Amino acid sequence: LSKNTNKVKIVDASWHLVKTRNALEEYNKEHIENAIFFDLDKNSNQKKDLPHGHFLPSASEHEKNISKMGILNTDRIIIYCYSDLISSCRAWFQFLYFGHDPKLVSVLNGGLKKWIKEKKIILFISYSLVSVFIVLFIVHENRTINMNE
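An account of the accompanying structure is given in this report. What you are looking at is a predicted structure, and each value in this text was computed from that prediction instead of being measured. (Residues numbered from 1 in each chain as written. Predicted model: local features only at pLDDT ≥ 70, side-chain atom pairs only at ≥ 80, totals over all residues. Heavy atoms only, no water.)

### Structural notes on the layout of surface pockets
Basically, it comes down to this: Think of a 1 Å grid over the protein atoms and nothing else: a 1.4 Å probe that fits but is trapped marks a cavity, an open set flanked by protein within 12 Å on at least five of seven lines marks a pocket, and residues with an atom within 4 Å of a point count as lining. Grid points are joined across faces, edges and corners, and a volume is the space filled by probe spheres set on the points. Numbered from the N terminus, helices here are DSSP runs of H or I no shorter than four residues, and strands are runs of E no shorter than two. Residues were grouped as follows: Ala, Val, Leu, Ile, Met, Phe, Trp, Tyr, Cys and Pro as nonpolar; Asp, Glu, Lys and Arg as charged; and all remaining residues, including Gly, as polar.
Empty space within the largest pocket amounts to approximately 270 Å³. If you go around the largest pocket, you meet 14 residues; those closest to its centre are Trp15, Asn22, Ala23, Asp39 and Asp41. For the second largest pocket, the calculated volume is near 190 Å³. When residues of the lining of the second largest pocket are traced back to their parent elements, those giving at least two are strand S3 (35–37) and helix H2 (59–68). Split into classes, the residues belonging to the lining of the second largest pocket amount to three nonpolar, three polar and five charged.

Structure follows, in C-alpha coordinates:
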(Lines give C-alpha, C1' and ligand atoms only; values in the text may rest on other atoms or scores of the structure.)
Protein backbone atom coordinates (compact mmCIF):
# COMPACT_ATOMS: atom_id res chain seq x y z
CA LEU A 1 0.00 0.00 0.00
CA SER A 2 2.76 2.47 0.87
CA LYS A 3 3.90 2.40 -2.78
CA ASN A 4 0.38 2.66 -4.20
CA THR A 5 -1.36 5.36 -2.15
CA ASN A 6 -2.31 7.22 -5.33
CA LYS A 7 -3.89 4.12 -6.96
CA VAL A 8 -6.47 3.32 -4.27
CA LYS A 9 -8.89 5.19 -2.05
CA ILE A 10 -7.56 5.12 1.50
CA VAL A 11 -10.21 5.67 4.14
CA ASP A 12 -9.54 6.61 7.76
CA ALA A 13 -12.56 5.29 9.65
CA SER A 14 -11.32 6.03 13.17
CA TRP A 15 -13.96 6.53 15.85
CA HIS A 16 -13.56 6.63 19.63
CA LEU A 17 -16.04 5.70 22.31
CA VAL A 18 -14.17 7.77 24.90
CA LYS A 19 -14.88 11.47 24.64
CA THR A 20 -11.30 12.43 25.48
CA ARG A 21 -10.27 11.49 21.93
CA ASN A 22 -11.56 13.09 18.76
CA ALA A 23 -11.02 11.07 15.58
CA LEU A 24 -11.35 14.04 13.22
CA GLU A 25 -8.83 16.10 15.21
CA GLU A 26 -6.42 13.16 15.19
CA TYR A 27 -6.93 12.72 11.43
CA ASN A 28 -6.26 16.43 10.92
CA LYS A 29 -2.95 16.06 12.77
CA GLU A 30 -1.74 12.87 11.06
CA HIS A 31 -2.98 10.31 8.60
CA ILE A 32 -1.80 8.08 5.79
CA GLU A 33 -1.06 10.10 2.68
CA ASN A 34 -4.17 10.68 0.49
CA ALA A 35 -6.51 9.25 3.16
CA ILE A 36 -10.13 10.40 3.23
CA PHE A 37 -11.83 10.77 6.61
CA PHE A 38 -14.93 8.60 7.06
CA ASP A 39 -16.95 10.20 9.86
CA LEU A 40 -18.84 7.29 11.42
CA ASP A 41 -21.29 9.62 13.15
CA LYS A 42 -22.19 11.41 9.90
CA ASN A 43 -22.16 8.19 7.87
CA SER A 44 -24.75 6.53 10.10
CA ASN A 45 -28.52 6.84 10.29
CA GLN A 46 -29.30 10.38 11.47
CA LYS A 47 -32.75 9.63 12.93
CA LYS A 48 -32.81 10.79 16.53
CA ASP A 49 -35.24 8.16 17.82
CA LEU A 50 -32.91 5.17 17.38
CA PRO A 51 -31.45 3.34 20.42
CA HIS A 52 -27.90 4.35 19.47
CA GLY A 53 -26.33 6.49 16.82
CA HIS A 54 -24.62 4.02 14.52
CA PHE A 55 -27.33 2.19 12.63
CA LEU A 56 -26.74 2.04 8.89
CA PRO A 57 -27.95 5.04 6.90
CA SER A 58 -30.41 4.74 4.05
CA ALA A 59 -28.95 3.69 0.70
CA SER A 60 -29.45 7.19 -0.69
CA GLU A 61 -27.69 8.81 2.30
CA HIS A 62 -24.78 6.37 1.98
CA GLU A 63 -24.45 7.09 -1.74
CA LYS A 64 -24.61 10.86 -1.16
CA ASN A 65 -21.97 10.77 1.62
CA ILE A 66 -19.62 8.46 -0.27
CA SER A 67 -19.96 10.57 -3.42
CA LYS A 68 -18.99 13.68 -1.42
CA MET A 69 -15.81 11.82 -0.41
CA GLY A 70 -15.03 11.16 -4.07
CA ILE A 71 -15.47 7.40 -3.81
CA LEU A 72 -17.01 5.42 -6.67
CA ASN A 73 -18.39 1.86 -6.55
CA THR A 74 -15.55 0.82 -8.87
CA ASP A 75 -12.78 2.15 -6.59
CA ARG A 76 -10.34 -0.08 -4.72
CA ILE A 77 -10.70 0.92 -1.06
CA ILE A 78 -8.34 0.30 1.86
CA ILE A 79 -9.87 1.17 5.23
CA TYR A 80 -7.91 1.73 8.44
CA CYS A 81 -8.49 3.19 11.87
CA TYR A 82 -6.50 4.46 14.81
CA SER A 83 -8.96 3.39 17.48
CA ASP A 84 -9.26 0.60 19.99
CA LEU A 85 -12.70 -0.36 18.65
CA ILE A 86 -11.57 -1.43 15.18
CA SER A 87 -14.08 0.97 13.64
CA SER A 88 -12.49 0.22 10.25
CA CYS A 89 -14.45 -3.06 10.26
CA ARG A 90 -17.70 -1.14 10.74
CA ALA A 91 -16.91 1.00 7.68
CA TRP A 92 -15.87 -2.13 5.72
CA PHE A 93 -19.23 -3.74 6.53
CA GLN A 94 -21.10 -0.63 5.42
CA PHE A 95 -19.36 -0.57 2.03
CA LEU A 96 -20.18 -4.25 1.47
CA TYR A 97 -23.76 -3.87 2.70
CA PHE A 98 -24.42 -1.15 0.14
CA GLY A 99 -23.03 -3.19 -2.76
CA HIS A 100 -19.36 -2.32 -3.08
CA ASP A 101 -17.53 -5.29 -4.64
CA PRO A 102 -16.04 -7.31 -1.72
CA LYS A 103 -12.90 -7.87 -3.82
CA LEU A 104 -12.35 -4.10 -3.86
CA VAL A 105 -12.70 -3.37 -0.12
CA SER A 106 -10.05 -4.29 2.47
CA VAL A 107 -9.10 -3.44 6.03
CA LEU A 108 -5.47 -2.49 6.59
CA ASN A 109 -3.84 -5.07 8.86
CA GLY A 110 -2.85 -3.38 12.12
CA GLY A 111 -4.34 -0.02 11.19
CA LEU A 112 -2.53 3.26 11.67
CA LYS A 113 -0.74 2.00 14.81
CA LYS A 114 1.10 -0.67 12.83
CA TRP A 115 1.66 1.71 9.89
CA ILE A 116 3.42 4.18 12.21
CA LYS A 117 5.35 1.41 13.98
CA GLU A 118 6.68 0.23 10.61
CA LYS A 119 7.80 3.82 9.90
CA LYS A 120 5.79 4.12 6.71
CA ILE A 121 4.98 7.50 5.21
CA ILE A 122 2.42 9.51 7.12
CA LEU A 123 1.16 13.01 6.50
CA PHE A 124 1.75 15.23 9.51
CA ILE A 125 -0.13 18.47 9.62
CA SER A 126 1.11 20.90 12.18
CA TYR A 127 -0.23 24.34 12.66
CA SER A 128 -0.33 27.01 15.25
CA LEU A 129 -2.92 29.64 15.78
CA VAL A 130 -1.71 33.11 15.16
CA SER A 131 -3.77 36.04 16.25
CA VAL A 132 -4.35 38.37 13.40
CA PHE A 133 -6.09 41.66 13.81
CA ILE A 134 -7.62 42.78 10.57
CA VAL A 135 -8.48 46.37 10.27
CA LEU A 136 -10.92 47.31 7.60
CA PHE A 137 -10.86 50.84 6.44
CA ILE A 138 -13.35 52.71 4.39
CA VAL A 139 -12.19 55.85 2.80
CA HIS A 140 -15.05 58.22 2.23
CA GLU A 141 -14.84 61.95 1.80
CA ASN A 142 -11.23 62.07 3.05
CA ARG A 143 -12.15 60.22 6.25
CA THR A 144 -10.86 56.80 7.35
CA ILE A 145 -13.20 54.71 9.45
CA ASN A 146 -11.93 51.72 11.44
CA MET A 147 -14.61 49.05 10.97
CA ASN A 148 -13.35 47.08 14.02
CA GLU A 149 -14.40 49.75 16.49
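### Some details on the environment of lysine 114
Note the threshold: For every residue, the accessible area (1.4 Å probe, protein chains only) is compared with the maximum for its type, and the residue is labelled buried under 20%, exposed over 50%, or partly exposed between those bounds.
In this structure, lysine 114 sits in helix H4 (residues 111–117). Residue class for lysine 114 comes out partly exposed when judged on its relative accessible area of 30%. Lysine 114 sits 32 residues away from tyrosine 82 along the chain, and the two C-alpha atoms are 9.4 Å apart.

### Here we look at the sheet that holds strand S4 (residues 77–80)
Rule in force here: Here, a strand pair is defined by DSSP locating no fewer than two bridges between the strands. What counts as an axis is a line fitted to C-alpha atoms, over the stretch in contact for a helix, and the angles between N-to-C directions run from 0 to 180 degrees. Here a residue-residue contact requires only that any non-hydrogen atoms of the pair lie within 4.5 Å.
If you walk across this open sheet you meet the four strands as S3-S1-S4-S5, and the pairing is parallel. Two strands bound the open sheet, and with one partner strand each, they are S3 and strand S5 (105–107). The sheet shows a mean angle of 30° between the axes of neighbouring strands, direction not considered. Pairing geometry for strand S1 (residues 9–12) and S3, over three bridges, is parallel. Bridge assignment links valine 11 to a residue of S3, and that residue is isoleucine 36. Running over the sheet, helix H3 (residues 87–97) touches S4 and S5 and is turned about 170° from S5.

### Quick look at H3
Side chains that are three or four residues apart share a direction in an α-helix, a result of its 3.6 residues per turn. Filter applied, for reference: Arc, as used here, means the arc of the directions from the helix axis to the C-beta atoms.
Along H3, the residues that are buried comprise Ser87, Ser88, Arg90, Ala91, Gln94 and Phe95. Along the long axis of H3, the arc covered by the buried residues comes to 160°, so they all point the same way. On the buried face of H3, the contacting elements are H2, S4 and S5. Phi for glycine 99, located one or two positions after H3, is positive at around 95°.

### Some remarks on unusual backbone geometry
Phi is positive for asparagine 34, close to 70°, though the residue is something other than glycine. Within the fold, asparagine 34 resides in the loop between strand S2 (30–32) and S3.

### Description of a nonpolar patch on the surface
So the rule is basically this: Patch construction takes residues with relative accessible area above 30% that form no salt bridge. Like charges are linked within 9 Å, and nonpolar side chains (Val, Leu, Ile, Met, Phe, Trp, Tyr) are linked within 5 Å. The protein chains shown are the only cover counted for residues, whose accessible areas, like all others here, come from Shrake-Rupley with a 1.4 Å probe. Any carboxyl oxygen of Asp or Glu within 4 Å of a side-chain nitrogen of Lys or Arg constitutes a salt bridge here.
On the surface, Trp92, Phe93, Tyr97 and Val107 cluster together into a nonpolar patch covering about 380 Å² of accessible area. Ranked by residues supplied to the nonpolar patch, first place goes to H3 with three residues. Take tryptophan 92: its relative accessible area is 33%, and that puts it in the partly exposed class.

### Regarding the pattern of salt bridges
Side-chain pairing between opposite charges can occur once the charged atoms of the two side chains come close. A full pass over the atoms with the stated rule returns two salt bridges. Where glutamate 26 meets arginine 21, a salt bridge forms, and the shortest distance between an N and an O atom there is 2.8 Å. Residue classification places arginine 21 among the partly exposed positions, given a relative accessible area of 26%. Among the salt bridges present, the one from glutamate 61 reaches lysine 64, with a minimum N-O distance of 3.2 Å. Within this pair, glutamate 61 and its partner lysine 64 are both found in helix H2, separated by three residues, close to a single helical turn. In this structure glutamate 61 comes out as partly exposed when scored by relative accessible area, which is 31%. Judged by relative accessible area, which is 40%, lysine 64 ranks as partly exposed.

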